[in-house]
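Reading the structure
Residues per chain are reported as follows:
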Amino acid sequence: MSRFLKDYQTFSEKASDASLEFTQACGLSLLSSVLVRYRWLNIGKGVHPNLYTLLVGNSSDDRKSTSINRAMDMLALVSPRRAANLDFSAASLVHMMGDHKGKQGRRVMTLSFEEFGDSLAKMNLNWGGDIGTTLTKLYDGKSFEVSRLTQGKPYKVKNPSLAILAAGAYGMLEKHVKPLEWDGGFFARILFILPHTKRPPFTVEPAFPQVEHDNALMSLKHIHGEVTNNKSVMSVSRSAEQLYIKYANAVKADDFQSLTAFDAVRARLLNIMWKVAMVYQVDLGPGLTITDQAVDLAWKFGNTAMNNFKYLYNRCTGDDHTKNMRKVEAAVIAAGATGLTKREIHRKTHLLDGMVMPSIDALLRIGFICEKPGNILRYVASGTQSPI
């Protein structure tokens with residue numbers, strides 16, 4: 001029984017025509033933001049529920065910014081000190097989280113910004129180097145000292161816990177993100193969310209659903225009060241741990257074009273699964289033991305995000321596999337409801353026979369095409385397609 005996420009979904013679906021995936025990701029990010037420092041797991045060096053979440057879609061019609069702004073507005077009503085928009089430099093962000101003259105900084109924050117690729121490029125320029133390394137430290141909670149002259153005297157950032165809820169357009173990721181950045185630890189920590197199930201656009205913008213908003217807000221405030229009044233470590237049931245191991249062993253390289261990227265993403269996915277499982281468990285009930293249901297929900301969410309990463313990695317690094325996928329997808333979309341057989345795809349794309357099936361398999365896994373039932377196997381476009 002959902003205590004918050006269902007209410008948030010009801011509110012979001014009436015407020016805008018954003019995809020289900022965007023709504024789900026924003027709800028999880030919002031709930032995780034109020035749990036940080038109040039719920040954690042004693043696994044490894046400790047697992048906290050802060051998330052780096054990136055909504056990726058077309059430049060104007062996928063409601064990316066609308067989705068994150070709606071979530072951040074609600075967070076500001078529940079825990080205003082934790083909500084921050086990126087209207088400052090990378091140096092200012094780190095300075096804000098640091099301790100100065102005996103005064104503790106804002107160690108726990110959820111940061112939002114509306115164009116990830118462009119913002120990342122500007123932050124790198126402003127920081128004078130690899131901002132990804134610093135953002136990784138802020139995610140992992142590692143204390144470090146900053147001695148940059150731009151902020152005066154050296155200072156320490158102690159036990160930070162940064163969460164990010166951001167939006168990015170395909171074109172901006174391709175333009176601003178360097179191929180090597182996709183192989184790094186910072187990108188491996190990001191949950192990439194694509195709008196697989198787009199909803200029909202509203203013909204007329206609806207009135208603000210105040211009742212549904214207030215219901216979701218009340219649910220979030222209740223959970224916030226519950227966790228702040230009972231700061232506690234969570235545990236994992238034996239059956240949930242066994243289910244986690246089963247899922248972890250099922251993560252394969254598949255169509256990854258870079259084993260370096262795969263190894264980084266797999267390692268972080270297994271950590272992120274526990275983060276998301278904590279969030280789902282709190283949504284399911286006030287208990288402190290993570291159950292099978294929470295692990296199952298976390299895996300489904302995390303596995304989809306990993307497949308999204310595969311697609312974006314292939315697309316943005318511009319390899320031959322990506323080009324083949326786009327050709328196959330374009331041919332299937334053009335065929336409409338009739339769809340195409342493998343042989344027909346081969347003829348229309350002029351790809352070598354050994355190139356067709358890997359592209360079909362990759363597109364099936366990320367949900368951009370699907371199999372059409374019948375005596376002859378045909379492939380049709382799913383409810384939504386990736387931008388070509």
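Let us look at the structure shown here. None of these values were measured; they are calculated from a predicted model.

1. Remarks on the overall build of the protein chain
Summing up its helical and strand segments, the protein chain has 15 helices and 12 strands in all. Computed over the C-alpha atoms, the radius of gyration of the protein chain is 21 Å, within 12% of the 21 Å expected from 2.2 N^0.38 for a compact globule of 388 residues. Burial status across the protein chain gives 53% buried among its 388 residues. Looking at charge distribution, the protein chain has the averaged site of its 48 positive side-chain charges lying 5 Å from that of its 36 negative ones.

2. Concerning the sheet that holds strand 1 (residues 39–41)
One open sheet holds the three strands; their spatial order is 1-9-10, and the pairing between them is parallel. Since the sheet does not close on itself, it has two edges, and those belong to strand 1 and strand 10 (289–290), each with one partner. Here three bridges tie strand 1 to strand 9 (residues 232–236), and the two strands are oriented parallel to one another. Residue Arg39 lies in a different strand from strand 9, and its bridge partner there is Ser232.

3. A word on the nonpolar core
Ranked by internal contacts, the top residues of the largest apolar core, which has 118 residues, are Phe4, Phe116, Leu135, Leu162 and Phe187. Residues in contact with Phe4, not counting those within four places in the same chain, are Gly27, Leu30, Leu31, Met74, Ala216, Ser219, Leu220, Ile223 and Asp283.

4. A word on the pattern of salt bridges
In total, this model carries nine salt bridges according to the counting rule given. Between Asp296 and Lys300 there is a salt bridge; the shortest N-O distance is 3.2 Å. Of this pair, Asp296 and Lys300 both sit in helix 12 (residues 292–317), separated by four residues, roughly a single helical turn. Taking relative accessible area as the criterion, Asp296 reaches 21% and is therefore assigned partly exposed. Through salt bridges with shared partners, a single network forms among Asp140, Arg189 and Arg268.

5. Things to note about the side chain of Ser219
Checked against the element boundaries, Ser219 lands in helix 9 (residues 210–228). Taking the relative accessible area as the measure of exposure, Ser219 reaches 13% and is therefore buried. Within the structure, Ser219 has its side chain in polar contact with the backbone oxygen of Asn215 (distance 3.0 Å). What Ser219 contacts, discounting residues up to four positions off in sequence, is Arg3, Phe4 and Asp7.

6. Thoughts on the packing of helix 12 against helix 13 (residues 320–335)
One can describe the packing of helix 12 onto helix 13 by two numbers: an axis separation of 7 Å at closest approach and a directional angle of 105 degrees. Here helix 12 lies roughly perpendicular to helix 13, going by the angle between them. For the pair helix 12 and helix 13, the contacting residues are Tyr311, Asn314 and Arg315 in the first and His321, Thr322, Met325 and Arg326 in the second. For the contact of helix 12 with helix 13, the per-class residue count stands at two nonpolar, three polar and two charged.

7. Let's talk about the packing of aromatic side chains
If you walk through the whole model with that rule in mind, you get 15 aromatic pairs. Put simply, the rings of Tyr52, Phe113, Phe116, Tyr139, Phe186, Phe187, Phe192, Phe309 and Tyr313 touch in pairs and so form one group of aromatic residues. The ring of Phe144 carries Lys137 above its face, with NZ or CZ at 5.1 Å from the centroid.

8. Some remarks on the pairing of strand 9
When strand 9 meets strand 10, the two strands line up parallel, connected through two bridges. Its bridge partner being in strand 10, Ser235 is matched across the sheet by Thr289.

9. Thoughts on helix 10 (residues 238–249)
Between its terminal C-alpha atoms helix 10 stretches 17 Å, which fits the 16 Å expected from 12 residues at 1.5 Å a residue. Taken as a whole, helix 10 has its buried residues at Ala240, Leu243, Tyr244, Tyr247 and Ala248. Take helix 10 and look down its axis: the buried residues cluster within an arc of 135 degrees, on one side only. Of the exposed residues in helix 10, those oriented more than 90 degrees away from the buried face are Arg238, Lys246 and Asn249.

Basis of the calculations
Residues numbered from 1 in each chain as written. Predicted model: local features only at pLDDT ≥ 70, side-chain atom pairs only at ≥ 80, totals over all residues. Heavy atoms only, no water. Helix = DSSP H or I, 4+ residues; strand = E, 2+ residues; numbered from the N terminus. Rg over C-alpha atoms; globule rule 2.2 N^0.38 Å. Buried < 20%, exposed > 50% of the residue type's maximum accessible area, 1.4 Å probe, protein only. Lys, Arg positive; Asp, Glu negative; His and termini not counted. Charge placed at Lys NZ, Arg CZ, Asp CG, Glu CD. Pairing = 2+ DSSP bridges. Core = buried A, V, L, I, M, F, W, Y, C linked by side-chain atoms within 4.5 Å. Contact = heavy atoms within 4.5 Å. Salt bridge = Lys/Arg side-chain N within 4 Å of Asp/Glu carboxyl O. Polar contact = N/O pair within 3.5 Å; in protein donor to acceptor, adjacent residues only side chain to side chain. Axes fitted to C-alpha atoms, helices over the stretch in contact; angles between N-to-C directions. Parallel < 35°, antiparallel > 145°, perpendicular 65-115°, else oblique. Nonpolar A, V, L, I, M, F, W, Y, C, P; charged D, E, K, R; others polar. Phe/Tyr/Trp six-rings, centres within 6.5 Å; stacked < 30°, edge-to-face > 60°. Lys NZ or Arg CZ within 6 Å of the ring centre and 35° of its normal. Expected span 1.5 Å × (residues − 1). Arc of directions from axis to C-beta.

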